[in-house]
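Secondary and tertiary structure notes
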Amino acid sequence: DILGDRIAIMAKGRLRCLGTSVRLKNRFGAGYRVSVSCGDHMKLDGPECMAVKQLFQDMFGITPEEETQAYIHFNVPASEDEKLSRLFA
């Protein structure tokens with residue numbers, strides 16, 4: 001996004017698509033990746049992390065895609081963008 005105003009994607013030596021990052025994301029994007037940190041001393045089974053997981057389950061009907069020591073990652077479908085914007089408003 002930062003290095004150029006247009007992106008070209010090649011596969012098997014052929015140009016497959018060309019456009020701005022916004023256009024390509026709108027056309028081919030599947031949604032949003034949301035990464036949440038539950039604090040400095042995060043325990044995945046701690047009350048803070050469990051509350052975050054429950055929030056995403058209740059609002060979007062999704063479970064974490066990946067959990068690491070530092071973050072919980074969720075893939076939120078593009079169809080849920082209105083709910084997602086309300087969550088951060």
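Now for a description of the structure that goes with this document. Just so you know, these numbers come straight off a predicted model, no measurement behind them.

What counts, and at which threshold
- Residue numbers run consecutively from 1 along every chain, following the written order of its sequence.
- Restriction of local features to residues with pLDDT of at least 70 applies here, the model being predicted, together with a cutoff of 80 or more for giving and counting side-chain atom pairs; totals for whole chains, interfaces and linings are based on all residues.
- Note that water and hydrogens are dropped before the side-chain values are worked out from all heavy atoms of the structure.
- The helix and strand labels rest on DSSP assignments: H or I over at least four residues marks a helix, E over at least two residues marks a strand, and numbering proceeds from the N terminus.
- Relative accessible area decides the class of each residue, using a 1.4 Å probe on protein chains only: under 20% of the type maximum gives buried, over 50% gives exposed, and in between gives partly exposed.
- Throughout, a residue-residue contact means that at least one pair of heavy atoms, one from each residue, lies within 4.5 Å.
- Whenever a nitrogen or oxygen atom comes within 3.5 Å of another N or O atom, the pair is scored as a polar contact, on the condition that within protein one atom can donate a hydrogen and the other can accept it, and that pairs from neighbouring residues in sequence are kept only if both atoms are in side chains.
- Think of it this way: a Phe, Tyr or Trp ring, Trp meaning its six-membered ring, pairs with another when their centres are within 6.5 Å, and the plane angle makes it stacked under 30 degrees, edge-to-face over 60, tilted otherwise.

**Remarks on the environment of Asn-75**
Here Asn-75 lies in strand β5 (residues 72-77). Look at Asn-75 and you get partly exposed, because its relative accessible area is 35%. Separated by 21 residues in sequence, Asn-75 and Gln-54 place their C-alpha atoms 15 Å apart. Filtering out sequence-adjacent residues up to four positions away, Asn-75 remains in contact with Tyr-32, Arg-33, Ile-62 and Glu-65. Polar contacts involving the side chain of Asn-75 include one to the side chain of Arg-33, which spans 3.4 Å.

**Remarks on the packing of aromatic side chains**
Throughout the structure, instances matching the rule amount to 2 aromatic pairs. Between Phe-56 and Phe-60, the aromatic rings sit 5.6 Å apart at their centres with planes inclined by 40°, giving tilted as the arrangement. Placement of both Phe-56 and Phe-60 in helix α2 (residues 47-60) is noted, with a separation of 4 residues, approximately one turn of the helix. Exposure remark for Phe-56: the relative accessible area of 3% places this residue in the buried category. Summarising the aromatic geometry, the rings of Phe-56 and Phe-74 are spaced 4.0 Å apart at their centres and angled 5° between planes, so their arrangement reads as stacked.

**Observations regarding the environment of Asp-81**
Note that Asp-81 resides in helix α3 (residues 81-87). With relative accessibility at 38%, the residue Asp-81 sits in the partly exposed group. The spacing of Asp-81 and Leu-15 is 66 residues in sequence and 30 Å in space, taken between C-alpha atoms.

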